[in-house]
Amino acid sequence: MPPSSPSSDGDVDDEHKHLHVRLADDHTSILDLVTEYLQAAGKAPDWYWRLAGKLDGTESDNIDDLIFSAFEAGAFVAHEHPEDLKFDWVSEADCERERKMEERGEQQKEENRKERSTMSHYA
């Protein structure tokens, strides 16, 4: 299902919203979906992932190929797996709140990892 545009009721905030496309399920792997696209398109997933892993800024001669493939993969996923995507129109304030929540979540994960590491040391 294509994303609907922000409401057109004249709300000024809606004019400043932008689209976020996310995976609907945290357990779905975008890497698997991109690999599926590459295979369906007759492209070599190994080449793509090796090249993507070697990217250092924009120095790669193949950056255009990677960007086009990523864009095509996004269209493929939206067409073949629409149930795996969710579309949200968000404001800059929404983005900032989301960033802060993700930062807190990453900090919590790191603290939990350190705690498990410490506990396993004494086990």
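Described in the following lines is the structure provided in the data block. (Residues numbered from 1 in each chain as written. Predicted model: local features only at pLDDT ≥ 70, side-chain atom pairs only at ≥ 80, totals over all residues. Heavy atoms only, no water.)

Topic: the overall build of the protein
The condition is simple: A helix here means a DSSP run of H or I that spans at least four residues, while a strand means a run of E at least two residues long, and both kinds are numbered starting from the N terminus. Only protein chains enter the area calculation, which uses a 1.4 Å probe; residues under 20% of their type maximum are buried, those over 50% are exposed, and those in between are partly exposed. Only the protein chains shown count as covering a residue, and every accessible area follows the Shrake-Rupley method with a 1.4 Å probe.
In terms of regular secondary structure, the protein is built from five helices and two strands. If you list the helices and strands of the protein from N to C, you get α-β-α-α-α-β-α. For the protein, the residues scored as buried account for 19% of the 123 residues in total. Taken as a whole, the protein presents about 9600 Å² of accessible surface, with 52% of it coming from carbon and sulfur.

Comments concerning the environment of N62
The line we're drawing: Any pair of residues with heavy atoms lying within 4.5 Å of one another is described as a contacting pair.
Mapped onto the elements, N62 comes out in the loop between α3 (45-54) and α4 (63-80). For the pair N62 and L51, spaced eleven residues apart in sequence, the C-alpha separation works out to 8.0 Å. Excluding residues that lie within four positions of it along the chain, N62 makes contacts with W47 and L51.

Some words on the packing of aromatic side chains
Selection rule: Between rings of Phe, Tyr and Trp, where Trp is taken as its six-membered ring, a pair exists when centres lie within 6.5 Å; planes separated by under 30 degrees are stacked, by over 60 edge-to-face, and by other angles tilted.
Under the defined criterion, the tally for this structure stands at three aromatic pairs. Ring centres of Y48 and W49 lie 5.1 Å apart, and the angle between their planes is 85 degrees; on these two criteria the pair is classed as edge-to-face. Taken together, the aromatic side chains of W47, Y48 and W49 make up a single cluster linked through ring pairs.

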